[in-house]
Amino acid sequence: IGYYAGIIESLFFVTQSLTVLKWSRLSDRIGRKPVLMIGLFGLGLSMLCFGLSTSFWTLVISRCICGMLNGNGGVMKSMMGELTDSTNMAQGFALIPITWCFGGFFGFVMGGTLARPQDRWPNLFAGQFWAKYPYFLPCAIGASFVFVSFMFVFLLEETLATKRKRSIPSNTTGDQLLDEYGSDESPSENMVIVPLRSLLIRSIIIPVVNQAFLAFLDISIFALMPLFYSTPNYLGGLGFAPQTIGLWMASFGIVDGLFQALFFAKVVDRLGPKRTFYIGISCFIPIMIMFPVMSWLVISRGVDYMVTIVLLCQLVIIVTWDMSLASIFMFITASAPTKNVLGAVNGMGQMTVSIAHAVGPMFTASIFAFSKDHNILGGHAVFLILCIPAVGMLWLASQLPEELQNRDEDK
């Protein structure tokens, strides 16, 4: 089951990596709202198809639909960049990881609670439909949330300057109109299609590559956590039951979301985005070290209070690591040389993230299983191997600019 689940999840990221840049570039031309609404429509459609699937291939098709139509990751970051300035950029981008944390928490709870409703509430969900489609209920409720989001986006004001409606006072003169619309760049100049090759410059590539490494290492952490938690004690794992794993992961999501909401902007204001990013990524190696430490404690002492203390310390360090996510979003947005390529730059970053998310879980799970099966470095070879790109990322982070480009100058 895990093998097929991994294939289905990876296919989403593979198909997203093929289309997300095109959607982001399209948003630079037609506006953010239309592309965001298309993505939400594709997400809702794929969720309903997923709930109505009765074979492996229909599951594959539903996830591929979601990946192909989903360019929302890059578009949302572009919108956040247009809604914020240098005074509130950190507060704005801190909201993106927060939504993932809380969304992940409630998604896990809803999926686990509402799946197979006929088994839980046979009187309420009687009938052949619920027996044939036991996972339709959580998918339908999830799709309903997507529909509500669709309506909110419909009412949202467009953030792309060339597509934003301007209010003209009734007493405006012709000369004032010429000054307003004739100065600076015209809408047609803003909508010129910029060749992608012209964006392959050092000031953009360095943040994008940093984001790719960060995405790979981040998804590797969250692939390792349930694997290590569920591995039997005699193999050096914690041997947790699925309910315990879900509790730990959900608790972490809540704590992480609250920390980013309350403290991330203050940390950035005090230390700056580069130092915050560097501190965050420096936590990866200590996170990896704590896995074999817990394994040694389990083998020598069993799962006792010492293991719990180390596990709590690891989760605290992962919260610190997550500060690097919002930090790199700020660097990506600030690297756009002009406003009319902001979507393309965020699309490039999201494309690399999708590739990393497609490769990361398969690579990490395979190395984890191989090192355990062949007892390489006591079964801990995966942690050492993942530290190699982490060391390289420390050098990459040093290449980021000391200060973010002042985006207020373009306004």
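See the structure above.
About the cut-offs
- Residues numbered from 1 in each chain as written.
- Predicted model: local features only at pLDDT ≥ 70, side-chain atom pairs only at ≥ 80, totals over all residues.
- Heavy atoms only, no water.
- Helix = DSSP H or I, 4+ residues; strand = E, 2+ residues; numbered from the N terminus.
- Rg over C-alpha atoms; globule rule 2.2 N^0.38 Å.
- Buried < 20%, exposed > 50% of the residue type's maximum accessible area, 1.4 Å probe, protein only.
- Salt bridge = Lys/Arg side-chain N within 4 Å of Asp/Glu carboxyl O.
- Disulfide = S-S within 2.5 Å.
- Core = buried A, V, L, I, M, F, W, Y, C linked by side-chain atoms within 4.5 Å.
- Contact = heavy atoms within 4.5 Å.
- Phe/Tyr/Trp six-rings, centres within 6.5 Å; stacked < 30°, edge-to-face > 60°.
- Polar contact = N/O pair within 3.5 Å; in protein donor to acceptor, adjacent residues only side chain to side chain.
- Arc of directions from axis to C-beta.
- Patch = residues over 30% accessible without salt bridge, like charges linked within 9 Å, V, L, I, M, F, W, Y side chains within 5 Å.
- Areas by Shrake-Rupley, 256 points an atom, 1.4 Å probe, with all protein chains shown as cover.
- Expected span 1.5 Å × (residues − 1).
- Axes fitted to C-alpha atoms, helices over the stretch in contact; angles between N-to-C directions.
- Parallel < 35°, antiparallel > 145°, perpendicular 65-115°, else oblique.
- Nonpolar A, V, L, I, M, F, W, Y, C, P; charged D, E, K, R; others polar.

Chemist: Give a description of the overall build of the protein chain that names residues and reports values.
Modeler: Counting its secondary structure elements, the protein chain contains 18 helices and zero strands. Radius of gyration (C-alpha) of the protein chain: 23 Å, near the 22 Å computed for a compact globule of 411 residues. Seen along its three principal axes, the alpha-carbon backbone of the protein chain occupies a region of about 80 × 60 × 35 Å. When each of the 411 residues of the protein chain is scored for burial, the buried share is 46%.

Chemist: Any details on the pattern of salt bridges? Residues and values, ideally.
Modeler: Evaluation of the coordinates by the stated rule reveals five salt bridges. Across the pair K274 and E402 runs a salt bridge whose closest N-O atoms are separated by 2.8 Å. Of this pair, K274 sits in helix α13 (residues 273–281) while E402 sits in the segment after α18 (381–398); the two residues are 128 residues apart in sequence, bridging distant segments of the chain. By relative accessible area, which is 12% here, K274 ends up buried. For D304, the salt bridge goes to R301, with nearest N and O atoms at 2.9 Å.

Chemist: Outline the state of the cysteines, supporting the account with residue identities and numerical values.
Modeler: Applying the stated criterion across every chain, the model contains zero disulfides. Note on C64: no disulfide assigned, nearest cysteine sulfur contributed by C66 at a separation of 9.9 Å. Free cysteine C283: the closest other cysteine sulfur is in C313, separated by 12 Å. You can call C283 buried: its relative accessible area is 12%.

Chemist: Run through the nonpolar core, naming residues and quoting values.
Modeler: By size, the foremost hydrophobic cluster in this structure holds 73 residues, and its most contacted members are Y229, L238, I287, M288, F291 and W321. The greatest single-element share of this core, amounting to twelve residues, is contributed by helix α11 (residues 202–230). When sequence neighbours within four positions are dropped, the list of residues in contact with F291 reads L224, M225, F228, Q314 and F383. Counting residues in hydrophobic clusters, the runner-up holds nine residues, among them W23, L40, V146 and V153.

Chemist: Explain the environment of M68 to me, and be specific about the residues and the numbers.
Modeler: You can see M68 is positioned in helix α3 (residues 56–69). A C-alpha to C-alpha distance of 8.8 Å links M68 and G39, two positions 29 residues apart in sequence. The contacts of M68, once residues within four sequence positions are left out, are T15, T19 and W23.

Chemist: Before we move on, could you go through the packing of aromatic side chains and cite the residues and values that matter?
Modeler: Scanning all chains against the criterion turns up 15 aromatic pairs. When the centroid spacing of 5.9 Å and the interplanar angle of 50 degrees are considered together, the rings of F216 and F363 count as tilted. One end of the pair, F216, is in helix α11; the other, F363, is in helix α17 (residues 342–373), and 147 residues separate them in sequence. Consider the rings of F291 and F383, whose centres lie 5.1 Å apart with planes at 10 degrees: the pair is stacked.

Chemist: Can you break down the environment of S55 residue by residue, with the values?
Modeler: By secondary structure assignment, the location of S55 is in the loop between α2 (32–51) and α3. You can call S55 partly exposed: its relative accessible area is 34%. Residues S55 and S27, spaced 28 residues apart in sequence, show a C-alpha to C-alpha distance of 35 Å.

Chemist: Let's hear about the side chain of Q350: which residues, and what values?
Modeler: Topologically, Q350 is positioned in helix α17. Reaching out from Q350, the side chain makes a polar contact with the side chain of K77 at a distance of 2.7 Å. When residues no more than four places from it in sequence are discounted, the contact partners of Q350 are Q16, V20, G73, G74, K77 and Q211.

Chemist: Give a detailed account of α13, specifying residues and quantitative values.
Modeler: Residues of α13 that are buried: P273, K274, T276, F277, G280 and I281. Along the axis of α13, the buried positions cluster into a sector of 165 degrees, meaning they face one direction only. Looking at the buried residues of α13, the elements they touch are α11, α12 (242–271), α14 (284–301), α15 (305–321), α16 (323–334) and α18.

Chemist: Any chance you could break down a nonpolar patch on the surface for me, citing the residues and the numbers?
Modeler: Among the surface-exposed residues, F147, V148, M151, F152, F154 and L155 lie close enough to one another that they form a single nonpolar patch of about 680 Å² accessible area. As for its placement among the helices and strands, F154 is situated in helix α8 (residues 136–155). Judged by relative accessible area, which is 48%, F154 ranks as partly exposed.

Chemist: Which residues make up α2, and what values do they have?
Modeler: Spanning 20 residues, α2 covers 29 Å between terminal C-alpha atoms, matching the ideal 28 Å at 1.5 Å per step. Looking at α2, one finds that the buried residues are R32, K33, V35, L36, M37, G39, L40, G42, G44, S46 and G51.

Chemist: Kindly report on unusual backbone geometry, identifying the contributing residues and their values.
Modeler: Here the phi dihedral of R116 falls at roughly 55 degrees; this positive angle occurs in a residue that is not glycine. By the secondary structure assignment, R116 is in the loop between α5 (89–114) and α6 (117–120). In this structure, L377 is a non-glycine residue whose phi angle is positive, near 55 degrees. Relative to the helices and strands, L377 is located in the loop between α17 and α18. Residue class for L377 comes out exposed when judged on its relative accessible area of 55%.

Chemist: How would you summarise the packing of α14 against α18 if you had to cite specific residues and measurements?
Modeler: For the pair α14 and α18, the least separation of the axes is 9 Å and the interaxial angle reads 175 degrees. Taken as axis vectors, α14 and α18 run roughly antiparallel relative to one another. The residues of α18 that touch α14, namely those facing F284, I285, M288, F291 and P292, are F383, L386, C387, A390 and V391. Classifying every residue of the contact of α14 with α18 gives ten nonpolar, no polar and no charged.

Chemist: I'd love a proper account of the side chain of S53, names of residues and values included.
Modeler: For S53, the position within the fold is in the loop between α2 and α3. Polar side-chain contacts of S53 include one of 2.6 Å to the backbone oxygen of C49. Of note is the side chain of S53, whose polar atom sits 3.5 Å from the side chain of T58. With sequence-adjacent residues up to four places away left out, S53 is seen in contact with T58, L59 and S62.

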